[in-house]
Amino acid sequence: MHISTRQSGDATIVDVVGDIDLYNSPEVRKILLESLKEKRAPRVIMNLKGVKYIDSSGVASLVEGLKVSRTLNSRFILFGLSTAAREVLELSRLIKVFEVYANEEEALAAGV
Amino acid sequence: MDYSLKLELSSHPQLMGVVRSAVERFVSDVGFDQADARAIVLALDEALTNVIRHAYDNRYDRPIAVTLRRLEPANAVNGASGIEFIVEDHGMSADPAKLRGRPLEEVRPGGLGVHLICEIMDSFRYEPSATGNKMILRKLRGQKPSTGG
């Protein structure tokens, strides 16, 4: 898995490529919490286009990001969900809890 | 006839990707469609994650055995073929309460693994033994859909 961040206006975009599972979900969690808590990004947008697989530990990292963002009054947004990632969030009954957009343009335009 | 594949691995999370690839191929060969195969792979991955995190307390050098078995219609319920996974470890016994999953109304990280296994598979059985734990996961073709909404 490869994870990196970039800025677009006030938004921090987190690009993830690869599987998010027990092995690498701690790194996803670390980057998310760093962006939200330390850098105080008002919007953290996760690009999941390159994520073909995510397990419950990956979902837990996303949930933690969401909860922290709510505490800090920032936004936590997802876009580019693969079929597999969407299925896992549906099975976890979490798909409606997240703010989800089809692509980066829509995610960036949301709530500006 | 039934056939099976036994994988013996150490409890290192980096191996999960390798196991997922093998299991996806096995499950597809049995005849499950892509959506079912993705879900079944996730269920087994969650069972292995539980072993690493709970039975072995995140120790990455312990043994896990996974047997993948194709069930012929004659040996499966309702004449449907299917698959059975047997996951065996030598770790600490699981708390049966934690193997029932948790209510999903509360949005919080963690505790989703068992819920996903039960949601995806037709049956999930846990058997403690003198030497460790055994989990038996079973899914037949044409039974409940793996993915809901």
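Scroll up a little and you will see the structure.
Calculation criteria
Counting restarts for each chain, with residues numbered from 1 along the sequence as it is written. Whichever chain is written first is A, and whichever ligand is written first is 1; the rest continue in order. Note on the predicted model: pLDDT of at least 70 is required for a residue's local features to be given, and 80 or more for side-chain atom pairs to be given and counted; whole-chain, interface and lining totals, by contrast, use all residues. Remark: hydrogens and water are excluded; side-chain values derive from all non-hydrogen atoms of the structure. Every helix listed is a DSSP run of H or I at least four residues long, and every strand listed is a run of E at least two residues long, numbered separately from the N terminus. Any two residues whose heavy atoms approach within 4.5 Å are treated as being in contact. Working definition of accessibility: Shrake-Rupley area with a 1.4 Å probe, residue cover restricted to the visible protein chains. Centres within 6.5 Å are what make two rings of Phe, Tyr or Trp a pair, Trp counting through its six-membered ring; a difference in plane orientation under 30 degrees is then read as stacked, over 60 as edge-to-face, and the rest as tilted. Partly exposed residues are those whose accessible area sits between 20% and 50% of the maximum for their type, while under 20% is buried and over 50% is exposed, using a 1.4 Å probe and protein chains only. In short, DSSP must find at least two bridges between two strands for them to pair. Angles run from 0 to 180 degrees between N-to-C directions of axes, and those axes are lines fitted to C-alpha atoms, restricted for helices to the stretch in contact. We call a set of buried Ala, Val, Leu, Ile, Met, Phe, Trp, Tyr and Cys residues a nonpolar core when their side-chain atoms join them within 4.5 Å. Throughout, the accessible surface (probe 1.4 Å) given up by two parts as they are put together, summed over both, is called the buried area. Polar contact criterion, stated in full: a pair of N or O atoms within 3.5 Å, where within protein one must be able to donate a hydrogen and the other to accept it, and residues adjacent in sequence count only if both atoms are side-chain atoms. Residue count minus one, scaled by 1.5 Å, sets the expected span of a helix.

*Asks:* I'm lost on the overall build of chain B in this one. Help?
*Replies:* Across its full length, chain B carries 3 helices and 5 strands. Along its sequence from the N terminus, chain B presents helices and strands in the succession β-α-α-β-β-α-β-β. Considering only contacts in chain B between residues 6 or more positions apart, those separated by 24 or more positions represent 64%. Surface accessibility of chain B: about 7200 Å² in total, with carbon and sulfur atoms responsible for 49%.

*Asks:* Looking at this model, I keep getting lost on the packing of aromatic side chains. Mind explaining?
*Replies:* Aromatic rings in a pair are described by how distant their centres are and how their planes are angled relative to each other. All names here are of chain B. Inspection of the entire model under this criterion finds 2 aromatic pairs over all chains. Between Tyr3 and Phe26 the ring centres are 5.7 Å apart and the planes differ by 75°, which places this aromatic pair in the edge-to-face class. Taken together, the positions of Tyr3 in strand β1 (residues 3-10) and Phe26 in helix α1 (residues 16-30) put the pair 23 residues apart, joining distant regions of the chain. Tyr3 gets classed as partly exposed once you look at its relative accessible area, which sits at 37%.

*Asks:* I'm lost on the sheet that holds β1 of chain B in this one. Help?
*Replies:* Sheet strands line up and pair through hydrogen bonds in the backbone, either parallel or antiparallel. Residue and element names in this part refer to chain B. If you trace the 5 strands from one edge of the open sheet to the other, you get β1-β2-β3-β5-β4, paired in antiparallel fashion. Lying at the two open borders of the sheet, with one neighbouring strand each, are β1 and β4 (123-128). Put simply, the sheet's adjacent strands are angled 15° from each other on average, direction ignored. Docked against the sheet, helix α2 (residues 34-55) engages β2 (63-71), β3 (82-89) and β5 (133-140), running at close to 10° with respect to β3.

*Asks:* Would you explain unusual backbone geometry in this entry?
*Replies:* If a residue is not glycine, its phi is most likely negative; likewise, a peptide bond is most likely trans. Residue and element names in this part refer to chain A. In this structure, Arg40 is a non-glycine residue whose phi angle is positive, near 50°. Among the structural elements, Arg40 can be located in the loop between α1 (25-38) and β3 (43-50). Accessibility expressed as a relative area gives 55% for Arg40, which makes it exposed.

*Asks:* Sorry, what's going on with the nonpolar core here?
*Replies:* A general feature of soluble globular proteins is that nonpolar side chains tend to end up buried together. Counting 71 residues, the largest nonpolar core has Met46 of chain A together with Phe85 of chain B as its most contacted members. Among the elements that take part in this core, α2 of chain B stands out by supplying 12 residues, more than any other. Counting 7 residues, the second-largest nonpolar core is a separate cluster that includes Ile77, Phe79, Ala107 and Leu108 of chain A.

*Asks:* Even after reading the chapter, I still don't get the pairing of strand β1 (residues 2-8) of chain A, so can you show me in this structure?
*Replies:* Within a regular strand, side chains alternate between the sheet's two faces. Bridging between β1 of chain A and strand β2 (residues 11-17) of chain A involves 7 bridges; their strand directions are antiparallel. Residue His2 of chain A lies in a different strand from β2 of chain A, and its bridge partner there is Val17 of chain A.

*Asks:* Would you mind showing me how to read the interface of chain A and chain B here?
*Replies:* Interfaces are frequently sized by the accessible area removed from exposure as the parts join. Listed per partner, the contact involves 23 residues of chain A and 29 residues of chain B. For the pair chain A and chain B, the summed buried area comes to about 2200 Å², and 64% of that belongs to carbon and sulfur atoms. Applying the counting criterion to the chain A and chain B interface returns 8 residue pairs in polar contact (both at pLDDT 80 or more). When contributions to the side of chain A that touches chain B are tallied by element, the ones reaching two or more residues are α2 (56-71) and α3 (83-91) of chain A.

*Asks:* Whenever I open this one, α2 of chain B confuses me. Can you help?
*Replies:* Side chains that are three or four residues apart share a direction in an α-helix, a result of its 3.6 residues per turn. All names here are of chain B. Its 22 residues give α2 an end-to-end C-alpha distance of 31 Å, which sits within 8% of 32 Å, the value for a rise of 1.5 Å per residue. With 17 of 22 residues buried, α2 is to be regarded as a mostly interior element. At the N-terminal end of α2, a side-chain oxygen is found 3.3 Å from the backbone nitrogen of Ala35, two or three residues along, and the residue is Asp33. Backbone geometry just downstream of α2 places Asp57 in the positive-phi region, at approximately 50°.

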